[in-house]
Amino acid sequence: MQIQSVPQSILFLLPFVLVTTIGYASHSASLCNVRAVDHLIERRDPRMLLTFLKAAGWATAVAGLVALGLAMTNHSVMVGAPVWVAMLGGFLFGVGAAVNGGCSMSTLQRLADGYLPMLATLLCFCIGSVLLVAFVGACGIRRSTTIETVWSMQMMNFTVLAALWIWAAFEIVRIVRRRFVAQPHALPALLIGASGGLAFALYGSWSYTNMLRSVSQGWWSGQIMSRPVQILLILALFAGMLVSAMRRRSGKWQFGNRAQWRGAILGGTCMGIGGALLPGGNDTVLLVMLPAQSTTGVLSYLSLLIGIALVLFARRSRLRDRNIHQAVAERAMDD
């Protein structure tokens, strides 16, 4: 990348500004993949899920524009190899997120609101990530690879980028005309996607789940002190959510019950194992892998959604059976 002319102070501060913006926007819109799938199943409402896809579209458009403009040649984007491993990781992460009651971003959002079981989720995410490395990493199940960016000076890439920016132009016009009333998540999708795409284009795999995985595994290997910037970026992301929580006055200490803590522990561990296989979480897939035009990212996200949906369907079926048994019992008592 040809960014030597940019002042070093700006290059140092920019990633913190970007991830803080992502944290603020995601919290203000209460975006969550688990909630998006639930809305699709229960209400037949795909709008929140489309918001995530729009964020990925913005990220890809911005990343492509910056990549071609700066003539970048590669990124250190870590993806699971082979593809089925990343898909398995996405599925396990989705299952864990549904059990936990929130995806990667939603976990931090709820913690910013004072929901303390999410501390267990984050801790168990780290434990699950370390457990995978400790027990199966040496067997070659997880691999990290550097993929070459597809944003090279070819006509196909310019065509894809032009199509994305035509869509982006229509999206901006729609946002301005409707003044966010009909599209309450349109602006957060723009902010999250554009900030995530720029962060990816300039700094590579920045996502908080991938950083948390890297920090926890670095602690396991005794190299935690070599990752201070990653820790600061996670704190900046959370700071953006705290600012949104204070603005909305949504912060309230909630200790949760035993079932909620069990869900956080089990879900967080499953998310950590899946995140080590991806590696990362849904933020990695949407804002890092998809902007790299990674087929693995597309398949991983589909697997993640399937994992969430299966758990939600299982809960729905169990609740229906419970209601049936309760109705039968009440009828027997009446007889």
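Data block above holds the structure.
Residues numbered from 1 in each chain as written. Predicted model: local features only at pLDDT ≥ 70, side-chain atom pairs only at ≥ 80, totals over all residues. Heavy atoms only, no water.

**Let's talk about the overall build of the protein chain**
Piece 1. Check the secondary structure of the protein chain and you find 13 helices and 0 strands.
Piece 2. Taken from N to C terminus, the helices and strands of the protein chain fall in the order α-α-α-α-α-α-α-α-α-α-α-α-α.
Piece 3. For the protein chain, the proportion of its 335 residues judged to be buried stands at 50%.
Piece 4. Counted over contacts in the protein chain with a minimum sequence separation of 6, partners at least 24 positions apart contribute 82%.
Piece 5. Put simply, the protein chain shows about 16500 Å² of open surface, and 67% of that area lies on carbon and sulfur atoms. (Helix = DSSP H or I, 4+ residues; strand = E, 2+ residues; numbered from the N terminus. Buried < 20%, exposed > 50% of the residue type's maximum accessible area, 1.4 Å probe, protein only. Contact = heavy atoms within 4.5 Å. Areas by Shrake-Rupley, 256 points an atom, 1.4 Å probe, with all protein chains shown as cover.)

**Notes on empty space enclosed by the protein**
Piece 1. Here the structure, examined in full by the defined rule, presents 2 cavities of 30 Å³ or more.
Piece 2. Lining the largest cavity we find 14 residues, and of these Phe52, Met105, Ile192, Leu286 and Leu287 sit closest to its centre.
Piece 3. For the lining of the largest cavity, the elements supplying multiple residues, two or more each, are helix H1 (8–29), helix H3 (47–69), helix H5 (104–112), helix H8 (186–203) and helix H12 (282–289).
Piece 4. The dominant element in the lining of the largest cavity, judged by the number of residues it contributes, is H12, at 4 residues.
Piece 5. Within the lining of the largest cavity, the residues separate by chemical class into 9 nonpolar, 4 polar and 1 charged. (1 Å grid on protein atoms, 1.4 Å probe; cavity = no way out; pocket = protein on both sides within 12 Å on 5 of 7 lines; lining within 4 Å. Points joined across faces, edges and corners; volume = space filled by probe spheres on them. Nonpolar A, V, L, I, M, F, W, Y, C, P; charged D, E, K, R; others polar.)

**Some thoughts on the packing of aromatic side chains**
Piece 1. Inspection of the entire model under this criterion finds 2 aromatic pairs.
Piece 2. Ring centres 6.1 Å apart and planes at 80 degrees place the aromatic pair tryptophan 58 and tryptophan 165 in the edge-to-face group. You can see tryptophan 58 sitting in helix H3 and its partner tryptophan 165 sitting in helix H7 (residues 155–178), a full 107 residues away along the chain.
Piece 3. Note on tryptophan 165: relative accessible area 30%, which makes it partly exposed.
Piece 4. A centroid spacing of 5.4 Å and a plane angle of 55 degrees characterise the contact between tryptophan 58 and tryptophan 167, whose relative ring orientation is tilted. One end of the pair, tryptophan 58, is in helix H3; the other, tryptophan 167, is in helix H7, with 109 residues separating them in the sequence.
Piece 5. Relative accessible area serves as the criterion here: at 26%, tryptophan 167 is assigned to the partly exposed category.
Piece 6. Taken together, the ring pairs connect Trp58, Trp165 and Trp167 into an aromatic cluster. (Phe/Tyr/Trp six-rings, centres within 6.5 Å; stacked < 30°, edge-to-face > 60°.)

**As for the pattern of salt bridges**
Piece 1. By the definition in use, this model includes 4 salt bridges.
Piece 2. A salt bridge links lysine 54 to glutamate 171, with the nearest nitrogen and oxygen atoms 3.2 Å apart. Here lysine 54, found in helix H3, pairs with glutamate 171, found in helix H7; they are 117 residues apart in sequence, far enough to count as distant.
Piece 3. Given a relative accessible area of 23%, lysine 54 falls into the partly exposed group.
Piece 4. Relative accessible area serves as the criterion here: at 1%, glutamate 171 is assigned to the buried category.
Piece 5. Taken together, the salt bridges that share partners define one network made up of Lys54, Glu171 and Arg174. (Salt bridge = Lys/Arg side-chain N within 4 Å of Asp/Glu carboxyl O.)

**Notes on the packing of H5 against helix H10 (residues 228–248)**
Piece 1. Relative orientation of the contacting elements H5 and H10 amounts to 50 degrees, with a least axis distance of 9 Å. One way to sum up the angle between H5 and H10 is to call them oblique. Crossing of H5 against H10: the hand is right-handed. Mapping the contact onto sequence places Met105, Leu108, Gln109, Leu111 and Ala112 in H5 and Leu237, Phe238, Met241, Leu242 and Ala245 in H10.
Piece 2. The class makeup of the residues in the contact of H5 with H10 is 9 nonpolar, 1 polar and no charged. (Axes fitted to C-alpha atoms, helices over the stretch in contact; angles between N-to-C directions. Parallel < 35°, antiparallel > 145°, perpendicular 65-115°, else oblique. Left-handed = near helix turned anticlockwise from the far one by under 90°.)

**Observations regarding H12**
Piece 1. Of all 8 residues in H12, 8 are buried, a share of seventy percent or more.
Piece 2. Looking at H12, one finds that the buried residues are Asn282, Asp283, Thr284, Val285, Leu286, Leu287, Val288 and Met289.

**A closer look at H3**
Piece 1. Here H3 is 23 residues long and its end C-alpha atoms lie 32 Å apart, about the 33 Å a rise of 1.5 Å per residue gives.
Piece 2. Most of H3 is tucked away, with 17 of its 23 residues classed as buried. (Expected span 1.5 Å × (residues − 1).)

**Here we look at the environment of isoleucine 192**
Piece 1. As for its position among the elements, isoleucine 192 is in helix H8.
Piece 2. Take isoleucine 192: its relative accessible area is 7%, and that puts it in the buried class.
Piece 3. For the pair formed by isoleucine 192 and tryptophan 58, sequence separation is 134 residues and the distance between their alpha carbons is 8.2 Å.
Piece 4. Ignoring any residue separated from it by four or fewer positions in sequence, one finds isoleucine 192 in contact with Ile22, Ala25, Ser26, Leu31, Ala55 and Leu287.

**With respect to the nonpolar core**
Piece 1. Within the largest apolar cluster, 68 residues are counted, with the highest numbers of intra-cluster contacts made by Trp206 and Tyr208.
Piece 2. When residues in this core are grouped by element, the largest group, 9 residues, is from H3.
Piece 3. Each residue touching tryptophan 206, except ones within four places of it in the same chain, is listed here: Val19, Ile22, Gly196, Ala199, Phe200, Met211, Leu287 and Val288.
Piece 4. Judged by nonpolar contacts, the second largest core, of 5 residues, contains Trp58, Ala168, Ile175 and Ala186. (Core = buried A, V, L, I, M, F, W, Y, C linked by side-chain atoms within 4.5 Å.)

**Topic: unusual backbone geometry**
Piece 1. Located in the positive-phi region is arginine 44, a residue other than glycine, with phi close to 55 degrees.
Piece 2. On the secondary structure map, arginine 44 appears in the loop between helix H2 (33–42) and H3.
Piece 3. Of note, the phi angle at arginine 249 is positive, near 55 degrees, even though the residue is not glycine.
Piece 4. Considering the arrangement of structural elements, one finds arginine 249 in the loop between H10 and helix H11 (258–277).

Without other data, these values stay purely geometric and don't point to any function.
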